[in-house]
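A structural walkthrough
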Amino acid sequence: MNTDAAMELQMRLAKEALAMLVIHPTFDVQLYRESIMEIGEAWELPADATLEALALIEHERLAIQKAGEGGVVQHILPEEELPMHATGTETLDNVWDLFETSLRTESTKGRTVLYNMARTLEETQNLLDWIEKTEEEKQV
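Residues numbered from 1 in each chain as written. Predicted model: local features only at pLDDT ≥ 70, side-chain atom pairs only at ≥ 80, totals over all residues. Heavy atoms only, no water.

1. Observations concerning the overall build of the chain
Counted only if it meets this: For the purposes of this entry, the term helix denotes a DSSP run of H or I that reaches at least four residues, the term strand denotes a run of E that reaches at least two, and both are numbered from the N terminus. The size measure is the radius of gyration over C-alpha atoms, and the globule rule it meets is 2.2 Å times the number of residues to the 0.38 power. In this description, contact between two residues means that some pair of their heavy atoms is separated by no more than 4.5 Å. Using the Shrake-Rupley algorithm and a 1.4 Å probe, accessible areas are obtained, with residue cover drawn only from the displayed protein chains.
In terms of helices and strands, the chain carries six helices and zero strands. Helices (α) and strands (β) of the chain occur, in sequence order from the N terminus, as α-α-α-α-α-α. Compactness check: the chain gives a C-alpha radius of gyration of 16 Å against a globular reference of 14 Å for 140 residues, within 12% of the reference. Each principal axis of the C-alpha atoms in the chain carries an extent, and together these give about 50 × 35 × 25 Å. Of all intrachain contacts in the chain linking residues separated by at least 6 positions in sequence, the fraction that spans at least 24 positions is 73%. Carbon and sulfur atoms make up 53% of the accessible area of the chain, which amounts to about 8,700 Å² in all.

This is how it looks when you write it as structure tokens:
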């Protein structure tokens, strides 16, 4: 992984956060924000890259807030651009990139944030549903 791939990971996580907000407007996306910041620090990315990813999340949150309960939200990105149902490969790519980033992270807190993000992606994208079990595994 290099800095360009790290910036792409930041944007993928921002889009994951947007997808969660589209599905659940009150969802707490703080872990996504923290992960984006940790990626920026670990890879020593330009502050602009990190701020761009964080701004997407903030703009979506403001759009939801502006619409109010029951109002029509003018989403920041169309749903087609969001990973509403990421494939197993897409999810594994994100998890692997988070793992690789954790190797560059000095603090236990930072590694914990990245681990928690990987676990959240596993759960929210139903990673286990993408895994085909052998006959032996199905019997266990």
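2. What about the environment of V95?
Locating V95 in the fold gives a position in helix α4 (residues 88-102). A C-alpha to C-alpha distance of 21 Å links V95 and I23, two positions 72 residues apart in sequence.

3. Topic: the nonpolar core
Convention followed: For the purposes of this section, nonpolar cores are sets of buried Ala, Val, Leu, Ile, Met, Phe, Trp, Tyr and Cys residues that join through side-chain atoms within 4.5 Å. Relative accessibility thresholds used throughout: buried, under 20% of the residue-type maximum; exposed, over 50%; partly exposed, between the two (1.4 Å probe, protein chains only).
L13, Y32, I36, I39, I57, L82 and L98 are the most contacted members of the largest nonpolar core, which has 30 residues in total. Those elements that place two or more of their residues in this core are α1 (3-23), α2 (30-42), α3 (47-67) and α5 (108-124). In terms of residues, this core owes the most to one element, α1, which gives ten residues. Sequence-distant contacts of L98, defined by excluding residues within four places in its chain, comprise L9, L13, I39, L114, M117, A118 and L121.

4. A look at the pattern of salt bridges
Rule in force here: One side-chain nitrogen of Lys or Arg within 4 Å of one carboxyl oxygen of Asp or Glu is enough to make a salt bridge.
Counted by the stated rule, this structure contains three salt bridges. The salt bridge partner of E58 is R61, with a shortest N-O separation of 2.6 Å. On the criterion of helical spacing, the pair formed by E58 and R61 is a turn pair, its members being three residues apart in helix α3. A relative accessible area of 32% means that R61 is categorised as partly exposed. Between R119 and E122 there is a salt bridge; the shortest N-O distance is 2.8 Å. A residue pair is termed a helical-turn pair when its members lie 3 or 4 positions apart in one helix, as R119 and E122 do in helix α5 at three residues.

5. Observations concerning the packing of aromatic side chains
Note the following rule: Note on aromatic contacts: the rings of Phe and Tyr and the six-membered ring of Trp form a pair at centre separations within 6.5 Å, being stacked when their planes are under 30 degrees apart, edge-to-face when over 60 apart, and tilted otherwise.
The full count for this structure, using the stated rule, is two aromatic pairs. Relative to Y32, the ring of F27 lies with its centre 6.3 Å away and its plane at 70°, an arrangement referred to as edge-to-face. Taken together, a centroid distance of 5.0 Å and an interplanar angle of 45° make the contact between W96 and F99 tilted. You can see W96 and its partner F99 sitting in helix α4, three residues apart, about one turn around the helix. When its relative accessible area of 52% is taken as the criterion, W96 is described as exposed.

6. Notes on the packing of α2 against α3
This is how it is decided: Every axis corresponds to a line fitted to the C-alpha atoms, with the helix fit spanning only the stretch in contact, and the corresponding angles, defined between N-to-C directions, vary from 0 to 180 degrees. In these notes the angle categories are as follows: under 35 degrees is roughly parallel, over 145 is roughly antiparallel, 65 to 115 is roughly perpendicular, and the rest is oblique. Classification used: nonpolar for Ala, Val, Leu, Ile, Met, Phe, Trp, Tyr, Cys and Pro, charged for Asp, Glu, Lys and Arg, polar for all others including Gly.
The interhelical angle for the contact between α2 and α3, taken along N-to-C directions, is 170°, at an axis separation of 9 Å. For the element pair α2 / α3, the angle class is roughly antiparallel. Every residue of α3 that contacts α2 at Y32, R33, I36, M37 and G40 is listed here: T50, A53, L54, I57, E58 and R61. Here the residues of the contact of α2 with α3 are counted per class, giving six nonpolar, two polar and three charged.

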